[in-house]
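Fold and contact review
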Amino acid sequence: MGLVELFVASLIVGISLVNSAVPWAAWGRSRDGRFALLGLANALLAAVGAVWVWGQLPVGPPSYAASQLPVLGLVLLASLALLATTIWRPSR
């Protein structure tokens, strides 16, 4: 169990959950499928992060829940890129 891996996995879960709220709200207003897909992508990324958090806890997780720092770093970058898609204002 590494504290760095646990922190990064928790950060992935938090960023992804916060970032899924905006597309779901936009989908609720417009019913545009692109927003639903973006919200679903963030929710699934949060689920993967939750499995990795479980893998870092000392409760005897299964072997598929194990994660490594380079993979966590790449997924963190992906979650930040998804966050940028919702906070970047389009030029008018």
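Scroll up for the structure.
None of the values given here were measured: they were computed from a predicted structure.

Attention now goes to the packing of aromatic side chains. Under the defined criterion, the tally for this structure stands at 2 aromatic pairs. Here the aromatic rings of Trp 24 and Trp 27 are separated by 5.9 Å at their centres, their planes lie at 90 degrees, and the arrangement is edge-to-face. Taken as a pair, Trp 24 and Trp 27 lie in helix α1 (residues 3-30) at a separation of 3 residues, close to a single helical turn. On the accessibility criterion, Trp 27 (29% relative accessible area) is partly exposed. On the numbers, 6.4 Å between centres and 75 degrees between planes, the contact of Trp 54 with Tyr 64 is edge-to-face. Here Tyr 64 lies in the loop between α2 (33-56) and α3 (69-87) and Trp 54 lies in helix α2, a separation of 10 residues in the sequence. Note on Trp 54: relative accessible area 36%, which makes it partly exposed. With a relative accessible area of 58%, Tyr 64 lands in the exposed category. In this structure, Arg 31 is placed above the aromatic ring of Trp 27, and the distance from its NZ or CZ to the ring centre is 4.4 Å.

What counts and how
- Each chain has its residues counted from 1, following the order in which its sequence is written.
- Where local features are concerned, this predicted model is filtered to residues with pLDDT of at least 70; where side-chain atom pairs are given and counted, the filter is 80 or more; whole-chain, interface and lining totals use all residues.
- As a rule here, side-chain values come from all non-hydrogen atoms in the structure, and water together with hydrogens is ignored.
- Pairing of aromatic rings covers Phe, Tyr and Trp, the last through its six-membered ring, and needs centres within 6.5 Å; plane angles under 30 degrees mean stacked, over 60 mean edge-to-face, and all others mean tilted.
- A run of H or I in DSSP becomes a helix once it reaches four residues, and a run of E becomes a strand once it reaches two; helices and strands are each numbered from the N terminus.
- With a 1.4 Å probe rolled over the protein chains alone, any residue whose accessible area is under 20% of its type maximum counts as buried; one over 50% counts as exposed, and the rest are partly exposed.
- As a reminder, the over-ring test applies to NZ of lysine and CZ of arginine, requiring each to be within 6 Å of the ring centre and within 35 degrees of the ring normal.

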